[in-house]
Amino acid sequence: MDNAIENYKKACKIFNVDFEPVHVWDFSGQTNLIFMNEWNRIPQDCQRQPDQEILLELQVSLLLDSVNCRGDSKKDDLSLQQSHITNPSYCGSLVGNGILGNMSSDSYTNGGSKGVGNLGLTGLENLGNTCFMNSAIQCLAHMPKLVDYFLGDYMREINHHNPLGMDGEIALAFGDLLRKLWSPDRTPVSPRFFKAKLARFAPQFSGFNQHDSQEFLAFLLDGLHEDLNRVKCKPYFEAKDACGRPDEEVADEYWKNHLARNDSIIVDICQGQYRSTLVCPVCNKVSVTFDPFMYLSLPLPSTTMRSMTVTVFSTDGSLRPTSYTVNVPKHGKSKDLIQALSNVCSLKDDESLLVAEVYSNCILRYLEDPSDSLSLIRDGDRLVAYRLSKDLEKLPLVVFMHQRMEEQGIHNKMLGQWKAFGVPLIARIPTTGSGTTIRSLFFKLLNPFVLPKDKEDGNLCDGASETDLSSNIPDCEATINDSLTGKLVEDALQFHVTDVKGQTTHAKIELNEPVSLTGYQKQLHVLVSWQDTALSNYDVCLLSSLPEIYKCSLFSKRPQDSASLYACLEAFLREEPLGPEDMWYCPSCKKHQQASKKLDLWRLPEVLVIHLKRFSYSRFMKNKLETFVDFPIHNLDLSNYIAHKSDQAYPYSLYAVSNHYGNMGGGHYTAYVYHEGQDCWYDFDDRHVASMTEDSIQTSAAYVLFYRRVQTKNLDKQVIS
């Protein structure tokens, strides 16, 4: 409601032009140019009533040679140009519709700037490890509708009453920074003021440590949304169960409730909606909800699968233990592992696999529940699988653990001490078993480990091959009769009933004496004490060497993995069980359950931000995946991935990429951005801006992808970005 002079000064302050020659347009009623040749004179066609608001918009354009180059020019002696803007009420169309690039370069100066089409090609100074921030800002600073918004009168929408916001300070700081990036001055901008505001509200980004550009992007988008939320008083809505209603109806209800509480330019541009389906593994209760999303964090295919090495033992003494490496879902269940093992080891129809984790030469736990999560198994763990007959599955198990005498020096004396070794062996035992039955079962299990007679004095570890052994393995009876007969059977191997860990020795198992299974819960644990005479007859290396789940090589460089963006999306949408830390409370069971979760895309935004999850964190190490993702630059079609089927097409075009080079500790961020005015891609590397070819965009450094929906021509429903 100020006069034209004050409006002019205020506009110059908003756009940081420091009273340079500008065009000021009045859009309150009819379009009028109210720029004054003399600052103290008000044009007659701009007279307004004192109480009437005047909507002004400032067009920052490059100056004429006579204005920009002549040092003796005066501000009260200015030449004004005819505007080429066809819709003056929409200043943002300069960016969104490419008008800046279409305006004749003859209208602009050749002194320092090359035309309006060069606006937006300003770099950002690196204040000290702020490349992560610069990369994300450049991607947002070239989001067409967001630029249009912040070059307009966005301050009227600042929400000073939102407790989740930052009193508009983040929005004002970002708007100020964006306007500087789109000013005619190509001097690199220092984002020091913006970073100070950022550190005030997000202390994690204070200082000058390196951070993640995606984490910064998530905070900034959320902060801008809350600062610019048009909803001043958020109503309360209670989420209603679907109760058999159509998904379309439930989704629209969720979206309507979301918009009633969240309405901003960020929601308009960047937010979509996905369907989340949870299924209880116990009662099969199904829960369907529809949640908004700001971006999609897609796992790389190499992070969705893991290699697991498991050693398979036979329980009938027919096969040598063999280690198999299989690929299973990283967050899969034990049934996935058993299925993969069954395929590679050619499991028979009348056999089943019992998978167990071995630790300190005893069985730590069994993976009997098909829903057991594989994420609980670490790469350094050791797994075994026992082939059991389905016909005998009702019989109890007998678990054989091993120990042998080892000499240790104590007070300058060599004393013998029993030490556990080897992998436990498992078999089924009749409930009326005796000591003789126990021994016979054990010798049967030892059949694959018997050394051939010509190697008795040596050991397979010293050079005998599997081929040499395969033709000389005797049967169980031959082992008893030839290798360990008479008193050797009594002395070389001693059998005792023990506990689960094999640490406590109970009653000795005698020949022909019954063995009671009462109180052992269908499991009998037997500790076998090996004498040297017995050890020399068997290949204990096969019994003792058990590989880890996955052995990571520190120095070997793996070939670069590659995957398509569609494969990443399919991995994101694949059904998977929730982790133990994310248990779902089932309203039917009235307890937390490890439910399975399935995501489906339902509603897509105008600007789709895709985060590639390159960084993985474990308990002991951090890792970056250098997987090359083949992402389309033009025509990203997501029609096949939308659960809500309609006649709407979803073609997207890439317009920006945030790149990360290097490792976790010393990496560097840059941005590739498509400039519509120049119809060219540019590499924004902090303060340096250089043009680049489209062929150079796809690299293994791509970290965050920015797509905008393109105009559809063949459908009635058209969406124009």
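Look a little higher up for the structure.
Parameters at a glance
- All residue numbers refer to position in the chain's written sequence, counted from 1.
- Given that this is a predicted model, residues contribute local features only at a pLDDT of at least 70 and side-chain atom pairs are listed and counted only at 80 or more, while totals for whole chains, interfaces and linings are drawn from all residues.
- The side-chain quantities take in all heavy atoms of the structure and omit both hydrogens and water.
- Only Phe, Tyr and Trp rings take part, Trp by its six-membered ring, and two of them pair if their centres are within 6.5 Å. Stacked means planes under 30 degrees apart, edge-to-face means over 60, and tilted covers everything else.
- Only DSSP runs of H or I reaching four residues or more are called helices, and only runs of E reaching two or more are called strands; each is numbered from the N terminus.
- A 1.4 Å probe rolled over the protein chains alone gives each residue an accessible area, and that area as a share of the maximum for its type sets the label: buried under 20%, exposed over 50%, partly exposed in between.
- Remark: a charge is flagged as sitting over a ring if the NZ atom of Lys or the CZ atom of Arg is within 6 Å of the ring centre and within 35 degrees of the ring normal.
- It only takes one pair of heavy atoms within 4.5 Å for two residues to be counted as in contact.
- Any two strands are treated as partners once DSSP identifies two or more bridges connecting them.
- Axes here refer to lines fitted to C-alpha atoms; in helices the fit is confined to the stretch in contact. Angles between the N-to-C directions go from 0 to 180 degrees.
- Two N or O atoms form a polar contact when they lie within 3.5 Å of each other; inside protein one atom must be a possible hydrogen donor and the other a possible acceptor, and for residues adjacent in sequence the pair counts only when both atoms belong to side chains.
- When we speak of the arc, we mean the arc of directions from the helix axis to the C-beta atoms.

Considerations on the packing of aromatic side chains
Scanning the entire structure with this criterion turns up 25 aromatic pairs. An angle of 90° between the planes, with centres 5.9 Å apart, marks the rings of F205 and F216 as edge-to-face. Here F216 lies in helix α9 (residues 213-227) and F205 lies in the loop between α8 (192-201) and α9, a separation of 11 residues in the sequence. Between F290 and W602, the aromatic rings sit 5.1 Å apart at their centres with planes inclined by 70°, giving edge-to-face as the arrangement. Of this pair, F290 sits in strand β5 (residues 286-293) while W602 sits in strand β21 (residues 596-603); the two residues are 312 residues apart in sequence, bridging distant segments of the chain. Exposure class is identical for F290 and W602. Each is buried. Three or more aromatic residues link up through ring pairs in this structure, and these residues are F132, Y149, F150, Y154, F174, F194, F205, F216 and F219. Across the ring face of F208, the terminal group of K195 is positioned such that the distance to the ring centre comes to 4.8 Å. Seen from the ring of F421, R404 lies directly overhead, with NZ or CZ sitting 4.7 Å from the centre.

A short note on the environment of Y324
Its place among the elements puts Y324 in strand β8 (residues 322-329). A C-alpha to C-alpha distance of 7.7 Å links Y324 and C345, two positions 21 residues apart in sequence. Not counting residues up to four positions away in its chain, the partners in contact with Y324 are M308, T309, V310, V312, L341, V344 and C345.

Some remarks on the environment of T627
With respect to the secondary-structure elements, T627 resides in the loop between β24 (622-624) and β25 (628-630). The exposure class of T627 is buried, given its relative accessible area of 4%.

A closer look at the sheet that holds strand β4 (residues 272-279)
Spatially, four strands are ordered β5-β4-β21-β18 in an open sheet, and the strand pairing comes out antiparallel. Looking at which strands have only one partner, the edges of the open sheet turn out to be β5 and β18 (576-577). One ladder, built from seven bridges, connects β4 with β21; its direction is antiparallel. Residue pairing across strands places L278 opposite K597, the latter belonging to β21. Packed on one face of the sheet, helix α10 (residues 247-261) meets β4, β5 and β21 and runs near 40° to β5.

Side note on the side chain of T309
Locating T309 in the fold gives a position in strand β7 (residues 305-314). A relative accessible area of 14% places T309 in the buried class. At a separation of 2.9 Å, a polar atom in the side chain of T309 contacts the side chain of T325.

A few points about α8
For α8, the set of buried residues is F194, K195, K197 and L198. Axial view of α8: buried residues confined to an arc of 160°, hence all on one face. Summarising the geometry of α8, the exposed residues directed more than 90 degrees from the buried face are R192 and R200. Where α8 is buried, its residues touch α5 (131-140), α7 (169-181) and α9.

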